[in-house]
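Remarks on the overall topology
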Protein chains: 2
Amino acid sequence: MKIVHFSEVKAEEAYGPKVRIRWLISKFDGAPNFEMRHFEVDPGASTPYHSHDWEHEVFVLEGDGVLRYEGREYRFGPGYAIYIPPNKQHCFINTGDKVLKFICVIPKRK
Amino acid sequence: MKIVHFSEVKAEEAYGPKVRIRWLISKFDGAPNFEMRHFEVDPGASTPYHSHDWEHEVFVLEGDGVLRYEGREYRFGPGYAIYIPPNKQHCFINTGDKVLKFICVIPKRK
């Protein structure tokens with residue numbers, strides 16, 4: 001069992017200093033199937049536009065942004081759930097004036 | 001791909017009317033490995049104290065509560081991440097005066 005406030009988990013730089021990730025629940029906690037991360041994206045910043053062979057399940061906590069997905073754009077804000085299937089181009093862009101925060105769950109890393 | 005505000009997803013009664021669940025991202029959306037649900041627990045209400053052979057990965061959005069886990073109790077509020085391993089007794093009790101809301105991810109149902 002693990003119970004922790006997200007702010008107690010170390011924020012690590014991801015793709016440079018404007019995107020930060022906290023591994024809230026990971027394989028190192030014994031999670032057998034999937035891992036939960038907390039992302040922060042600074043205003044004007046974005047995660048990389050890329051694809052990979054695993055899915056994302058995202059829940060947006062704070063801030064406003066745009067999902068770029070396979071060449072199209074979709075606006076989102078707090079309370080949005082987003083499913084990104086494997087092998088699809090995607091990124092999350094902070095289009096607001098405060099930090100964008102979201103949860104992103106992925107399959108357990110090998 | 002799916003992008004939806006949680007409020008657009010139907011809230012279904014779970015364990016009676018005081019606990020409601022929204023299947024934000026499920027196998028019916030094509031999710032290959034795990035499913036994301038949104039829970040609402042009314043003040044004074046609780047999910048059942050039970051165990052099962054799959055894990056939970058939880059993120060608390062709003063409200064205050066207590067996790068009862070294997071006979072002990074742990075307080076939580078917004079921003080807490082909680083990992084419940086398989087086969088452990090647990091429940092989430094709303095001890096506050098507003099609706100407790102959290103995300104709960106589980107392995108894909110068979």
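Not measured: the values here are computed from a predicted model.

Here the focus is the overall build of chain A. The helix and strand inventory of chain A stands at zero helices and 10 strands. In terms of C-alpha radius of gyration, chain A reaches 14 Å, essentially the compact-globule figure of 13 Å for 110 residues. Per-residue burial over chain A gives 36% buried out of 110 residues. Excluding contacts between residues fewer than 6 apart, the proportion of contacts in chain A whose partners are at least 24 apart in sequence is 62%.

Checked against the element boundaries, Val 99 of chain A lands in the loop between strand E9 (90-94) and strand E10 (100-107). If sequence neighbours within four positions are ignored, Val 99 of chain A has contacts with Glu 40, Val 41, Asp 42, Glu 62 and Gly 63 of chain A.

A separate point is unusual backbone geometry. Residue and element names in this part refer to chain B. You will see that Tyr 15, though not glycine, has its phi angle at about 60 degrees, which is positive. The residue Tyr 15 is located in the loop between strand E2 (12-13) and strand E3 (19-25) in this model. Of note, Asn 87 is a non-glycine position whose phi angle comes to about 65 degrees, a positive value. Looking at the secondary structure, you find Asn 87 in the loop between strand E8 (80-84) and strand E9 (90-94). Classification of Asn 87 by C-beta neighbours within 10 Å gives exposed; the count is 10.

Moving on, we get to the interface of chain B and chain A. Contact residues are listed per partner, giving 34 residues for chain B and 34 residues for chain A. Of all the elements in the fold, those that place two or more residues in the side of chain B that touches chain A are strand E1 (2-5), E3, strand E4 (34-41), strand E5 (56-62), strand E6 (65-69), strand E7 (72-76), E8 and strand E10 (100-107) of chain B. For the side of chain B that touches chain A, the element with the highest residue contribution is E8 of chain B, accounting for five residues. Across the side of chain B that touches chain A, the residue classes tally to 24 nonpolar, five polar and five charged. Alignment of strand E8 (residues 80-84) of chain A against E1 of chain B, held across four bridges, turns out to be antiparallel. Bridge pairing in E1 of chain B places Tyr 80 of chain A opposite His 5 of chain B.

Attention now goes to the sheet that holds E3 of chain B. Ordered by their spatial adjacency, seven strands build an open sheet running E1(A)-E8(B)-E5(B)-E10(B)-E4(B)-E3(B)-E2(B), and the pairing between neighbours is antiparallel. Edge strands, defined here as strands with exactly one partner in the open sheet, are strand E1 (2-5) of chain A together with E2 of chain B. Sheet analysis places E4 of chain B next to E10 of chain B, joined by eight bridges and oriented antiparallel. Paired with Val 41 of chain B across the strands is Leu 100 of chain B, a residue of E10 of chain B.

All names here are of chain A. The buried count for strand E5 (residues 56-62) comes to six of seven residues, which makes it a mostly enclosed element. Two elements, E5 and E10, share five bridges in a ladder whose sense is antiparallel. Along E10, the bridge assignment pairs Phe 59 with Ile 103.

What follows covers the pairing of E3 of chain B. Residues and elements named next belong to chain B. Relative to E3, E2 is paired through two bridges, and the arrangement is antiparallel. Across the sheet, the residue bridging to Glu 13 is Arg 20, located in E3. Judged from the six bridges that link them, E3 and E4 form a sheet pairing that is antiparallel. When the sheet's bridge partners are listed, Trp 23 is paired in E4 with Arg 37.

A word on the sheet that holds E7 of chain B. Residues and elements named next belong to chain B. Spatial ordering of the open sheet is given by E7-E6-E9, a layout of three strands whose pairing is antiparallel. Each edge of the open sheet is held by one strand with a lone partner, namely E7 and E9. In this sheet, adjacent strand axes meet at a mean angle of 25 degrees when their direction is disregarded. When E6 meets E9, the two strands line up antiparallel, connected through five bridges. Residue pairing in the sheet places Val 66 in a bridge with Ile 93 of E9.

Here is what the cut-offs are and how they apply
- Residues numbered from 1 in each chain as written.
- Chains lettered and ligands numbered in written order.
- Predicted model: local features only at pLDDT ≥ 70, side-chain atom pairs only at ≥ 80, totals over all residues.
- Helix = DSSP H or I, 4+ residues; strand = E, 2+ residues; numbered from the N terminus.
- Rg over C-alpha atoms; globule rule 2.2 N^0.38 Å.
- Buried ≥ 20, exposed ≤ 12 C-beta atoms within 10 Å, placed from the backbone.
- Contact = placed C-beta atoms within 7 Å.
- Nonpolar A, V, L, I, M, F, W, Y, C, P; charged D, E, K, R; others polar.
- Pairing = 2+ DSSP bridges.
- Axes fitted to C-alpha atoms, helices over the stretch in contact; angles between N-to-C directions.

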